[in-house]
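Residue-level listing of the chains:
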Amino acid sequence: MLGNTFGRLFRVTTCGESYSGAFRKNSDIPPELWGGLAVIVDGVPAGLKVTSQIIQEELDKRKPGQSRLHTPRTEADKVYIFSGVMQDDRTTGAPVCMLIPSSDIGDYHIEQHKGNKDLLRPGQAAYTYYKKYGEHSDYLGAGRASARETVARVAGGAIAKIILDSMGIDVIAFTIESHGIKAGPFSYETAKQNYRANDINCPDLDIAKHMIDDLLQVKKEGDSCGGAIEIIAKGVPAGLGEPVFDKLSATIAHGIMSIGGVKGIEIGDGFGVTSKKGSECNDTPYYDEETRRIRFKTNRAGGMLGGISNGEEIRIRVAVKPTPTILKDQLTVNVSTLEPVTHKFASRSDPSLVPRIYPICEAMVRMALVDSILMASGSRSITDMDNRWDKL
């Protein structure tokens, strides 16, 4: 399996599956080492203060079983720093490795997945995984296609957050739509003030109640629903991103679209530009006397021009599909007999991905930003360019 590393200079490599360790459960192996998720972060500067508590704060945002909107799966998601951090909790410059053991891989659920292994779950990757890996495909909880894979991403993104915090760059994500119930637009200040103020992480506290009530009704019906997340990156300096294949917008889109369940992304006005004229779409630049920098009167571009950051807030919206595993009868195919089957896939799934996907979106944007910062700083350090352009 290829493609488990994200980034050029700030490189995050993950491994692990939904039920990793299910076949290694025995008395000779400590439960913490049965299996789980792991992440190696390369390109981490020396001297950063990194503790398991700092990483755990991010992991707890996506940890299951914390509200009625979550799957009942009760993973502890406890992180252990394995390498790269030593004296006084400071990084050494070596790769930082973190382990997150799986703690809720009970025999009952393992047998349940075994019983369904020949049935293709509608909306999931079972068919394409069988086409790619045949009889060796991991059928327990969808393997690497499971949302559990994202635990390691969030851990890697937590390292990126430490770096960005030291630079005054903040990345937050929040819910702006659930099952057609919409909220916003929001300023960064409002989104920050009401960040995680409710179980669905919507900055509009009144609309959040409607979203939650609707989602609980959908859950009661045994169904699921989709929604949308908005991400704001505040304090990003101008000049990040490479002009062609490694545009900052392209790197961010790569990271976001690699998250399971994400079906679309908009930057700035996104698809709204299709109905506008150039005069309605362009952001007018001006010289801001207070900051002594070029600013823009509007931010329809979403903080990037030519794929390079322009110093304004980076604004991204993400479309999230409904959770594919639902408690309803669905028509499918048995891959062994090739016969049609109607089946209800009883499983511990979220009624919506929206309440727990936002920290994953934050993590991927943070990784993309740190990677672009390292590339930009390296390039600038050997470029013979008048420093007046740095002050523009």
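Just so it is clear, the model here is predicted, and its values are computed rather than measured.

**Q** Could you clarify how one ought to interpret the side chain of Thr-323 in this entry?
**A** As for its placement among the helices and strands, Thr-323 is situated in the loop between strand S14 (314-320) and strand S15 (330-333). Within the structure, the side chain of Thr-323 is placed 2.7 Å from the backbone oxygen of Asp-350, a separation counted as a polar contact. If we ignore the near neighbours within four places in the chain, the residues touching Thr-323 are Ser-224, Cys-225, Ser-349, Asp-350, Pro-351, Ser-352 and Leu-353.

**Q** Even after reading the chapter, I still don't get helix H1 (residues 52-62), so can you show me in this structure?
**A** Given 3.6 residues to a turn, an α-helix orients residues that are three or four positions apart in the same direction. Buried residues of H1: Ile-55, Gln-56, Glu-58, Leu-59, Lys-61 and Arg-62, and no others. Residues of H1 that are buried sit in contact with strand S5 (96-101), helix H4 (150-166) and helix H9 (354-381).

**Q** Any chance you could explain H9 here in plain terms?
**A** The terminal C-alpha atoms of H9 lie 41 Å apart, and with 28 residues this matches the ideal 40 Å at 1.5 Å per residue to within 8%. Here H9 lies mainly inside the structure; 22 of its 28 residues are buried.

**Q** How do you make sense of the side chain of Thr-91 when you look at a structure like this?
**A** Mapped onto the fold, Thr-91 is located in the loop between strand S4 (80-83) and S5. We classify Thr-91 as buried; its relative accessible area is 5%. What Thr-91 contacts, discounting residues up to four positions off in sequence, is Val-44, Pro-45, Ala-46, Gly-47, Leu-48, Val-50, Gly-84, Val-85 and Val-96.

**Q** How should I be thinking about the UniProt feature "binding site: NADP(+)" (unreviewed entry) in the chain in this particular structure?
**A** As annotated in UniProt, the feature "binding site: NADP(+)" (unreviewed entry) corresponds to Arg-62 and Arg-68 in the numbering used here. Arg-62 has contacts with Asp-77, Ala-147, Arg-148, Thr-150, Val-151, Val-154, Arg-356, Pro-359 and Ile-360, leaving out every residue within four places of it along the chain. The topology assignment puts Arg-68 in the loop between H1 and S4. In this view, Arg-68 contacts Ile-212, Leu-216 and Lys-219; residues no more than four positions away in its chain are not counted.

Rules and cut-offs
Residues numbered from 1 in each chain as written. Predicted model: local features only at pLDDT ≥ 70, side-chain atom pairs only at ≥ 80, totals over all residues. Heavy atoms only, no water. Helix = DSSP H or I, 4+ residues; strand = E, 2+ residues; numbered from the N terminus. Polar contact = N/O pair within 3.5 Å; in protein donor to acceptor, adjacent residues only side chain to side chain. Contact = heavy atoms within 4.5 Å. Buried < 20%, exposed > 50% of the residue type's maximum accessible area, 1.4 Å probe, protein only. Expected span 1.5 Å × (residues − 1). UniProt positions renumbered as here; feature names shortened; annotations may be inferred.

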